[in-house]
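Secondary and tertiary structure notes
Below are the chains, spelled out letter by letter.
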Amino acid sequence: MQHHTTILLIEIGALLFGLGMLGRLGRRVGMSPIPLYLLAGVAFGQGGLIPLSASEEFIAVGAQIGVILLLVMLGLEYSADELVGNLRTAAPAGLIDMLLNALPGAAFALLLGWGWEAALVLAGITWVSSSGVIAKVLSDLGRVGNRETPTILSVLVIEDLAMAFYLPVVTAVLAGLSLANGLSTLGVAVVTVVAVLVVAIRYGGEISRFMSVKDPEALLLSVLGLTLFIAGVAGELKVSEAVGAFLVGIAISGPVAHNATQILSPLRDLFAAVFFVFFGLSTDPADMPPVLLPALGLAVLTMLTKVLTGYLAAGRVGIALPGRIRAGLALMPRGEFSVVIAGLAVAYGVDPRLAPLATAYVLITVVSGPLLARLPDYAWFKEWVRKRMAAQRAAQKPLPSPE
């Protein structure tokens, strides 16, 4: 037991130190550290250089906490009223998002002859962006306060809420449950999400007043404890833990939200890094080559449809061309939900080629997405956008009337 503990400490200590060096390297060369964290996970995971066997369970739990903290921090940025307003205005964008990104995945599976169950699974994998990755990218690039960010978050929230209903349906279909059992599972998910939303909107002020901003230690423990508790309850009720964590963030407002953001930020950064490493650890590099080209083609197609989704969603609320492009590029990465959906497919014995395809697909989008999200910050890209806007203004300028 003592030997296992010391090996655990050595592995975790070396891993965290290495992640710190990778994060520093990434920022020195002007890129997000997320792809480096993922590649580090691949290097030390199944079939990698040195498997981290002793710390595998710790990293798995830490990864779950990382997703929860990323989502609660997103929720803290916005009030319940802002959430409802954004959802109302972004509902059409959510529908466009589903059609543009779920249909290519379903069609891809059917073209490969994998059957309608695999099509339903792959539709979810290509549909949902990674809230965790995107939250980290927006933070790293200093875009949390940008005009297009509420639009991005609205699309993500609609996707996350849709997952609260999609996951029970997929589970019921893959498990071969009867219609009655499937509807029962879906009904529990609907009631849970609505109940948490009502509590967040109606009693958010009381929840915030119950917590004190004068005692940082008590605030940290109470916010973190409440978030983990609600996320766990949501998971037990077959609703996404991420949705539960996000709604906790929404329910907390005012000075409490501001102070909680400052206190939780270091914890978020720590466990978010662990989450990205864990995702890489679960990937065996040997499974990738046979499915790499199909995954690459699917990734390119659905990254373009995500750019179009963000562009149209931001355009609907009057955001200018630079913000529309930033919104589209930010939405490209897929991540935690795609992995969960692929895991369900594996557990219920859907086509065995689906799991490595999904893993390669997510890795491509999650590595290239944060890199491409930086494009609007480059001078040559800004110049191209400026010329495009000038051309649009010239085309809209009325011609002089003949005298």
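All of the points below concern the structure found in this document. From a predicted model like this one, the values you see are computed outputs, not experimental measurements. (Residues numbered from 1 in each chain as written. Predicted model: local features only at pLDDT ≥ 70, side-chain atom pairs only at ≥ 80, totals over all residues. Heavy atoms only, no water.)

1. Details of the overall build of the chain
Counting its secondary structure elements, the chain contains 16 helices and zero strands. On the chain, roughly 18900 Å² of surface is accessible, and the fraction owed to carbon and sulfur atoms is 68%. (Helix = DSSP H or I, 4+ residues; strand = E, 2+ residues; numbered from the N terminus. Areas by Shrake-Rupley, 256 points an atom, 1.4 Å probe, with all protein chains shown as cover.)

2. Comments concerning the pattern of salt bridges
Scanning the entire structure with this criterion turns up six salt bridges. A network of salt bridges, in which partner residues are shared, links Asp 97, Glu 159 and Lys 306. (Salt bridge = Lys/Arg side-chain N within 4 Å of Asp/Glu carboxyl O.)

3. Looking at the packing of helix H13 (residues 321-330) against helix H16 (residues 379-396)
Geometrically, a packed helix pair is captured by the angle between its two axes and the distance between the axes. Where H13 meets H16, the axes come as close as 10 Å, and the angle between the chain directions of the two elements is 130 degrees. Taken together, the axes of H13 and H16 are oblique relative to one another. Between H13 and H16, the contacting residues are Leu 321, Pro 322 and Ile 325 on the first element and Phe 381, Trp 384, Val 385, Arg 388, Met 389 and Gln 392 on the second. Along the lines of polarity and charge, the residues of the contact of H13 with H16 split into seven nonpolar, one polar and one charged. (Axes fitted to C-alpha atoms, helices over the stretch in contact; angles between N-to-C directions. Parallel < 35°, antiparallel > 145°, perpendicular 65-115°, else oblique. Contact = heavy atoms within 4.5 Å. Nonpolar A, V, L, I, M, F, W, Y, C, P; charged D, E, K, R; others polar.)

4. Observations concerning the packing of aromatic side chains
Summed over all chains, the structure comprises three aromatic pairs. Considering the side-chain rings of Trp 380 and Phe 381, the 5.5 Å spacing of their centres and the 75 degrees angle between planes classify their relative orientation as edge-to-face. For Trp 380, a relative accessible area of 55% gives the class exposed. An aromatic cluster is present here, built from Trp 380, Phe 381 and Trp 384 joined pairwise through their rings. Its guanidinium or amino end placed over the ring of Tyr 311, Arg 324 lies 5.4 Å from that ring's centre, counting from NZ or CZ. (Phe/Tyr/Trp six-rings, centres within 6.5 Å; stacked < 30°, edge-to-face > 60°. Buried < 20%, exposed > 50% of the residue type's maximum accessible area, 1.4 Å probe, protein only. Lys NZ or Arg CZ within 6 Å of the ring centre and 35° of its normal.)

5. Quick notes on helix H11 (residues 254-281)
Along its 28 residues, H11 runs 39 Å from first to last C-alpha, staying within 8% of the 40 Å computed at 1.5 Å per residue. Its maximal kink placed at Leu 264, H11 deviates by approximately 45 degrees, while the proline Pro 266 follows within four residues. (Expected span 1.5 Å × (residues − 1). Bend = angle between axes of the 7 residues up to and from the residue.)

6. A closer look at the side chain of Lys 306
Counting through the fold element by element, Lys 306 comes out in helix H12 (residues 292-316). The buried category is assigned to Lys 306, whose relative accessible area is 0%. Polar side-chain contacts of Lys 306 include one of 2.8 Å to the side chain of Asp 97. Apart from the residues within four sequence positions on either side, Lys 306 is in contact with Asp 97, Asn 101, Thr 126, Trp 127, Ser 129, Glu 159, Gly 328, Leu 331, Met 332 and Arg 334. (Polar contact = N/O pair within 3.5 Å; in protein donor to acceptor, adjacent residues only side chain to side chain.)

7. A word on the environment of Phe 108
Relative to the assigned elements, Phe 108 resides in helix H4 (residues 80-111). Spatially, the C-alpha atom of Phe 108 lies 7.5 Å from that of Ala 119, the residues being eleven residues apart in sequence. Ignoring any residue separated from it by four or fewer positions in sequence, one finds Phe 108 in contact with Leu 122, Pro 294, Leu 298 and Leu 357.

8. Side note on helix H10 (residues 241-251)
Buried residues dominate H10, accounting for ten of its eleven residues. Turning to H10, its buried residues are Ala 242, Val 243, Gly 244, Ala 245, Phe 246, Leu 247, Val 248, Gly 249, Ile 250 and Ala 251.

9. Quick look at the packing of helix H3 (residues 56-76) against H10
Axis separation between H3 and H10 bottoms out at 7 Å; the angle between their running directions is 35 degrees. The hand of the H3/H10 crossing is right-handed. Contacts between H3 and H10 involve Gln 64, Val 67, Ile 68, Leu 71, Val 72, Leu 74, Gly 75 and Leu 76 from the former and Glu 241, Ala 242, Ala 245, Phe 246, Val 248, Gly 249 and Ile 250 from the latter. For the contact of H3 with H10, a count of residues per class yields eleven nonpolar, three polar and one charged. (Left-handed = near helix turned anticlockwise from the far one by under 90°.)

10. Some points on a nonpolar patch on the surface
A cluster of nonpolar side chains, namely Leu 95, Met 98, Leu 99 and Leu 103, defines an oily patch on the protein surface of about 350 Å² accessible area. On the secondary structure map, Leu 95 appears in helix H4. (Patch = residues over 30% accessible without salt bridge, like charges linked within 9 Å, V, L, I, M, F, W, Y side chains within 5 Å.)

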